[in-house]
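Here are the chains, one letter per residue:
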Amino acid sequence: MPRGMNKRTQQVYTLLVEVGRSIDDGLPKDATGAALMCYASGVDEAEAVRETVAILKQADLSPLDVSGYGTLDERLAEGHDIDDAERELMQRALDENSVIVAQMTPFFGDEDDDAAVH
């Protein structure tokens with residue numbers, strides 16, 4: 001590594017990815033899309049997002065939007081309650097330099113009904 005260049009360390013970022021429908025996406029038949037809670041490693045959040053989107057596309061999913069919730073330390077500083085199981089998944093993402101999909105919640109088209117009623 002050239003002098004003056006610092007090796008950037010991998011961190012794990014918590015990402016919420018909304019996906020739409022695509023052929024062979026594996027979502028329930030009547031679903032209109034889904035939300036996926038992911039833990040992704042990267043030297044920064046932008047890299048974690050790029051890697052997550054690429055992997056989800058390889059899995060025949062159609063990413064529409066990604067919301068970042070930061071690293072473990074950032075989430076703890078914001079007061080998030082992070083249990084041991086979630087910490088283990090974050091550590092696994094770091095150890096494997098990978099993206100872990102921790103939870104998938106399908107949407108069935110009625111999520112915005114309450115918001116539309118005034």
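As a reminder, the structure under discussion sits directly above these lines.
Heads up: these notes are all about the structure in this document. These numbers were taken from a predicted model, which means no experiment stands behind them.

Here is what the cut-offs are and how they apply
Residues numbered from 1 in each chain as written. Predicted model: local features only at pLDDT ≥ 70, side-chain atom pairs only at ≥ 80, totals over all residues. Heavy atoms only, no water. Helix = DSSP H or I, 4+ residues; strand = E, 2+ residues; numbered from the N terminus. Buried < 20%, exposed > 50% of the residue type's maximum accessible area, 1.4 Å probe, protein only. Contact = heavy atoms within 4.5 Å. Areas by Shrake-Rupley, 256 points an atom, 1.4 Å probe, with all protein chains shown as cover. Patch = residues over 30% accessible without salt bridge, like charges linked within 9 Å, V, L, I, M, F, W, Y side chains within 5 Å. Salt bridge = Lys/Arg side-chain N within 4 Å of Asp/Glu carboxyl O. Lys, Arg positive; Asp, Glu negative; His and termini not counted. Charge placed at Lys NZ, Arg CZ, Asp CG, Glu CD. Pairing = 2+ DSSP bridges. Axes fitted to C-alpha atoms, helices over the stretch in contact; angles between N-to-C directions.

1. Structural notes on the overall build of the protein chain
(1) Moving on: Across its full length, the protein chain holds 4 helices and 4 strands.
(2) Moving on: Tracing the protein chain from N to C terminus, the helices and strands come up as β-β-α-β-α-α-β-α.
(3) Moving on: Every one of the 118 residues in the protein chain was classed for burial, and the buried ones make up 29%.
(4) Moving on: Sequence-distant contacts in the protein chain: of pairs separated by 6 or more residues, those separated by 24 or more amount to 70%.
(5) Moving on: On the protein chain, roughly 7800 Å² of surface is accessible, and the fraction owed to carbon and sulfur atoms is 48%.

2. A look at the environment of F108
(1) Moving on: Among the secondary structure elements, F108 is positioned in the loop between β4 (99-107) and α4 (113-116).
(2) Moving on: Placed 75 residues apart in sequence, F108 and G33 show a C-alpha to C-alpha distance of 7.2 Å.
(3) Moving on: Excluding residues within four positions of it along the chain, F108 makes contact with P28, D30, A31 and T32.

3. A short note on a negative patch on the surface
(1) Moving on: Negative charge collects at one region of the surface, where E45, D73, E74 and E78 lie side by side.
(2) Moving on: Mapped onto the fold, E74 is located in helix α2 (residues 72-77).
(3) Moving on: When its relative accessible area of 41% is taken as the criterion, E74 is described as partly exposed.

4. Describing the sheet that holds strand β2 (residues 33-42)
(1) Moving on: Within the open sheet, the 4 strands sit side by side as β3-β1-β2-β4. Their pairing is antiparallel. If you trace the sheet from one side to the other, it starts and ends with β3 (62-71) and β4, each paired once. Ignoring which end each strand starts from, the neighbouring axes of this sheet average 20 degrees apart.
(2) Moving on: Note that strand β1 (residues 11-20) and β2 share 9 bridges and pair antiparallel. Bridging across to β2, T14 finds its partner in Y39.
(3) Moving on: Strands β1, β2 and β4 of the sheet are contacted by helix α3 (residues 84-96), whose axis makes an angle of about 55 degrees with β2.

5. Let's talk about the pattern of salt bridges
(1) Moving on: On inspection of all chains with the given rule, the structure shows 3 salt bridges.
(2) Moving on: Across the pair R75 and E86 runs a salt bridge, and its minimum N-O distance is 2.7 Å. Here R75 is found in helix α2, whereas its partner E86 is found in helix α3, with 11 residues between them in sequence. No difference in accessibility class separates R75 from E86, as the two residues are buried.
(3) Moving on: For R92, the salt bridge goes to E96, with nearest N and O atoms at 3.3 Å. Of this pair, R92 and E96 both sit in helix α3, 4 residues apart, roughly one helical turn.
(4) Moving on: Overall, E96 belongs to the partly exposed group, its relative accessible area being 47%.

Such coordinate-based values are descriptive only and should not be taken to indicate function.
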